[in-house]
Amino acid sequence: MKTIHTVAALRAEIRAARKAGKDIGFVPTMGNLHAGHISLIKASKQQDCFTVASIFVNPLQFNDKSDLERYPRTLTADQEQLVSADCDLLFAPDVDEMYPAGQAIQSTVSVPGVSEGLCGGSRPGHFDGVATVVTKLFNMVQPDLAFFGEKDFQQVAVIRKMVADLNMPLTIVAVPTARATDGLALSSRNGYLTESEREAAPALYQALTAIGNGLQQQQPLAELIAAAEQQLLAAGFKPDYLEVRHAANLSIADAPKVGDKLVILGAAFLGKARLIDNISVTLITKND
Ligand code: PAF
């Protein structure tokens, strides 16, 4: 696997792969790779794509400067994992390569609707930063398929809408969340947890699962959310949000009914980490 750092080198590699008749599969990341990222690489390889990963810690999507500064940078270990997963090319640009005219005057992309509320509410500007960098990366890589993890459910919704609204010629593939055996969604931010916080961390997934089970049993939504909040507080979390939305467009699901395809999303702080997770549920019993 080659690692390249410039857009010019990237374009040359993509041209060669296309000339060889390959489709291009793209896995954008911010590095500090774990099994969740590797499942995206594998999904791309399974489609027989020439598979390009990118590693770029995008300053535009961090509304908190200290969060950006401490974000883990582990290029050598990441390269080793990508080689083991048979990734074909790694694009690892620096900030000047991505934003040569500077970040302050960068043209931006914003995706109304699905980017509002949830993480968009807690992290103002975050999804503009994501949509902007992903647009730039798509224009650089020009992939046929791009792979994203469902753990970032709202991010996938934002990118799908952006691709549809702006007629971007590629297909977005969402890959199920990779979890540790105790249910915790894999995330680079899990590395911020102390040993005891790591033990407590599956409570987020458990709280979402409890809401899902309660909805199936026709329990009132407000009570389920309140109980889940208590569950998180008892485990040492500071809840940010717990919400039930329609999976198709992230509209608020305040009166779920049979047949609804819902997503239950949560974010909560545990020590220095802000963890997010979600589960999808299709209601099979009536709920008032
Ligand atoms: O999910 C991420 O790691 C980032 O938001 C992404 C999509 C690579 C954009 O910087």
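**Q** Break down the packing of helix 1 (residues 7-19) against helix 7 (residues 126-141) for me, with residues and values.
**A** Two elements in contact, helix 1 and helix 7, have axes separated by 9 Å at closest approach and are oriented at 50°. Here helix 1 lies oblique to helix 7, going by the angle between them. For the pair helix 1 and helix 7, contact is made by Val7, Leu10, Arg11 and Ile14 and by Asn139, Met140 and Val141, respectively. Here the residues of the contact of helix 1 with helix 7 sort into five nonpolar, one polar and one charged.

**Q** Go over the packing of helix 10 (residues 203-216) against helix 11 (residues 221-234), please, and point to the residues and values.
**A** Packing of helix 10 against helix 11 brings their axes to within 9 Å, and their N-to-C directions diverge by 160°. Comparing their axes, helix 11 and helix 10 come out roughly antiparallel. Like other packed secondary-structure pairs, helix 10 and helix 11 cross with a definite hand, here right-handed. Residues Ala203, Leu204, Gln206, Ala207, Ala210, Ile211, Gly214 and Leu215 of helix 10 lie in contact with helix 11, whose contacting residues are Leu221, Leu224, Ile225, Ala228, Gln231 and Leu232. Split by residue class, the contact of helix 10 with helix 11 holds 11 nonpolar, three polar and no charged.

**Q** Can you tell me about the pairing of strand 2 (residues 24-29), naming the residues and giving the values?
**A** Of all six residues in strand 2, six are buried, a share of seventy percent or more. Pairing of strand 2 with strand 3 (residues 50-55), which is carried by six bridges, proceeds in the parallel orientation. Across the sheet, the residue bridging to glycine 25 is threonine 51, located in strand 3. Taken together, strand 2, helix 2 (residues 35-46) and strand 3 form a β-α-β motif whose crossover is right-handed. Pairing analysis gives two bridges linking strand 2 to strand 5 (residues 145-149), with the strands arranged parallel.

**Q** Could you give an account of the site of the ligand, naming the residues involved and the relevant values?
**A** Around the ligand, a shell composed of Pro28, Thr29, Met30, Gln61, Val130, Val133, Val134, Phe148 and Gln155 is seen. Within the contact set of the ligand, an oxygen atom lies 2.6 Å away from a side-chain nitrogen or oxygen of glutamine 61. At 2.7 Å from an oxygen atom of the ligand is found a side-chain nitrogen or oxygen belonging to glutamine 155. Burial of the ligand by the surrounding chains reaches 89%, relative to a free accessible area of 290 Å². Those elements that provide at least two residues to the shell around the ligand are strand 2 and helix 7. In terms of residue count, helix 7 provides more of the shell around the ligand than any other element does, three residues in total. Its residues placed into classes, the shell around the ligand shows six nonpolar, three polar and no charged.

**Q** Describe the pattern of salt bridges, with residues and values.
**A** This structure, assessed with the given rule, holds 16 salt bridges. Notably, a salt bridge pairs lysine 45 with aspartate 88, separated by 3.0 Å at the nearest N-O pair. Taken as a pair, lysine 45 in helix 2 and aspartate 88 in the loop between helix 4 (75-84) and strand 4 (89-91) lie far apart in primary sequence, 43 residues in all. The exposure class of lysine 45 is partly exposed, given its relative accessible area of 24%. Between arginine 123 and aspartate 67 there is a salt bridge, with the nearest N and O atoms lying 3.9 Å from each other.

**Q** Mind laying out the nonpolar core, listing which residues take part and the relevant values?
**A** In this structure, Leu10, Val52 and Phe138 are the most contacted members of the largest nonpolar core, which totals 46 residues. Considering each element in turn, this core owes the most residues, nine residues, to helix 7. Residues contacting valine 52, with those up to four places away along its chain left out, are Leu10, Ile14, Ile24, Gly25, Phe26, Val27, Leu89 and Val141.

**Q** Account for the sheet that holds strand 8 (residues 261-270), naming residues and giving values.
**A** Read from one edge to the other, the open sheet built from three strands follows the order 7-8-9, with strand pairing classed as antiparallel. The outermost strands of the open sheet, each flanked by one partner alone, are strand 7 (238-246) and strand 9 (273-282). Averaged over all adjacent pairs, the angle separating strand axes in this sheet is 10°, with direction ignored. Note that strand 7 and strand 8 share eight bridges and pair antiparallel. Considered in strand 8, the bridge of arginine 245 is made with valine 263. Strands in contact with helix 10 are strand 7, strand 8 and strand 9; relative to strand 9, the strand with the most contacts, it is inclined by about 25°.

**Q** Describe the side chain of lysine 151, listing the residues and the values that go with them.
**A** Structurally, lysine 151 can be placed in the loop between strand 5 and helix 8 (153-165). Not counting chain neighbours up to four residues away, the residues in contact with lysine 151 comprise Thr177, Ala185, Leu186, Ser187, Ile276 and Asn278.

**Q** Can you tell me about the sheet that holds strand 2, naming the residues and giving the values?
**A** Reading across from one edge, 1-4-3-2-5-6 is the order of the six strands in this open sheet, with parallel pairing throughout. What marks the edges here is a single partner per strand, and that holds for strand 1 (2-4) and strand 6 (171-175). Here the strands of the sheet are splayed against their neighbours by 25° on average, with no regard to which way each runs. Of the strands in this sheet, strand 1, strand 3 and strand 4 touch helix 4, which is tilted by about 165° from strand 3.

Thresholds applied
Residues numbered from 1 in each chain as written. Predicted model: local features only at pLDDT ≥ 70, side-chain atom pairs only at ≥ 80, totals over all residues. Heavy atoms only, no water. Axes fitted to C-alpha atoms, helices over the stretch in contact; angles between N-to-C directions. Helix = DSSP H or I, 4+ residues; strand = E, 2+ residues; numbered from the N terminus. Parallel < 35°, antiparallel > 145°, perpendicular 65-115°, else oblique. Contact = heavy atoms within 4.5 Å. Nonpolar A, V, L, I, M, F, W, Y, C, P; charged D, E, K, R; others polar. Left-handed = near helix turned anticlockwise from the far one by under 90°. Buried < 20%, exposed > 50% of the residue type's maximum accessible area, 1.4 Å probe, protein only. Pairing = 2+ DSSP bridges. Right-handed = clockwise from strand over helix to strand, strands pointing away. Near = heavy atom within 4 Å. Polar contact = N/O pair within 3.5 Å; in protein donor to acceptor, adjacent residues only side chain to side chain. Areas by Shrake-Rupley, 256 points an atom, 1.4 Å probe, with all protein chains shown as cover. Salt bridge = Lys/Arg side-chain N within 4 Å of Asp/Glu carboxyl O. Core = buried A, V, L, I, M, F, W, Y, C linked by side-chain atoms within 4.5 Å.

Such coordinate-based values are descriptive only and should not be taken to indicate function.
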